[in-house]
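Architecture and fold: a report
Take a look at the letters that make up each chain.
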Amino acid sequence: MPIGQAKFGLLGGVDLGKLELIETQTVTSSTATVDFTSLGNYNVHFLTITDLQATGDARVLYLRFSNDGGSSFISSSNYDYANQEGDSSGTFNEGRSSSSSFIRLQEGNGGSASNEVANGYVYLYNLLDSAKYSFTTYHLTQLDRDVNYSFNFSSGVLHTAETHNAFRLYFNADNISKAKFSLYGIKEYS
């Protein structure tokens, strides 16, 4: 019997690692924030970001967690992040903080022209586990305002062990002019 069939038989047909769509939000006109307040019951979440664009040219994408279902978002200096950016001109930069009020997901230099969009994904870990810190890992690619093809990857953590049952995405200076965000839960065996 092939290993895949044996695994299927032992687990009773459970589809481990399957992405289960929780919610899709599509932005078609300027908005300051995008909030996800229904996270299901998953240890790992996966967020896709499609055709993200800001209203202006100086964007940095931030993320904050909530411990009250999205009534407020934690802005204390308990976030840490580190990210790396590179572009087709051969320029590389890093951003990092060990006392931030947000997780920085994207370094700036995005553009607002119609073809200057960003696409990427974010993994979110342990959000609903009150005994663990909430972590993120992230990867994004974009055509920026300097007509360079660029990438960003990062990791972040809110080093407070508590349940984080919502999160917010927003730009530092501009509004989100368009994007599609799809949040998935990753199925686990329980």
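One structure accompanies this document, and this report is about it. Predicted model only: the values in this text are computed from it and were never measured. Think of each chain on its own: its residues are numbered from 1, step by step along the sequence as written. Side-chain atom pairs in this predicted model are given and counted only at pLDDT of 80 or more, local residue features only at pLDDT of at least 70, and totals for whole chains, interfaces and linings cover all residues. The side-chain quantities take in all heavy atoms of the structure and omit both hydrogens and water.

1. Let's talk about unusual backbone geometry
- Of note, Asp51 is a non-glycine position whose phi angle comes to about 55°, a positive value.
- The secondary structure listing takes helices from DSSP runs of H or I that are at least 4 residues long and strands from runs of E that are at least 2 residues long, numbered from the N terminus. Summarising the element assignment, Asp51 is placed in strand 3 (residues 44-54).
- For the exposure calls, accessible area comes from a 1.4 Å probe over protein chains only, and a residue counts as buried if that area is under 20% of its type's maximum, exposed if over 50%, partly exposed in between. Judged by relative accessible area, Asp51 falls into the partly exposed class, the value being 34%.

2. A word on the sheet that holds strand 9 (residues 134-143)
- Reading across from one edge, 1-12-3-8-9-10-5-6 is the order of the 8 strands in this open sheet, with antiparallel pairing throughout. Two strands lie at the open edges of the sheet, namely strand 1 (19-27) and strand 6 (92-100), each paired on one side alone. Geometrically, the sheet is characterised by an average inter-axis angle of 10° between neighbouring strands, direction not taken into account.
- Pairing between strands is defined by DSSP: at least two bridges between them are needed. As judged from the 7 bridges shared by strand 3 and strand 8 (residues 118-125), these two strands associate in the antiparallel manner. Of the residues in strand 8, the one forming a bridge with Leu47 is Val122. Axis angles are defined between N-to-C directions and span 0 to 180 degrees, where every axis is a line fitted to C-alpha atoms and, for a helix, only to the segment in contact.

3. Quick notes on the pairing of strand 4 (residues 61-66)
- Extensive coverage of strand 4 is indicated by the burial of 6 of its 6 residues.
- Taking every second residue as pointing to the same face, both faces of strand 4 are buried, with Leu61, Leu63 and Phe65 on one and Tyr62, Arg64 and Ser66 on the other.
- In this sheet, strand 11 (residues 166-171) lies alongside strand 4 in antiparallel orientation, the contact comprising 6 bridges. Bridging from a neighbouring strand, Leu63 pairs with Leu169 of strand 11.
- Taken together, the 2 bridges between strand 4 and strand 7 (residues 103-104) define a ladder with antiparallel strand orientation. The residue of strand 7 that forms the bridge with Leu63 is Ile103.

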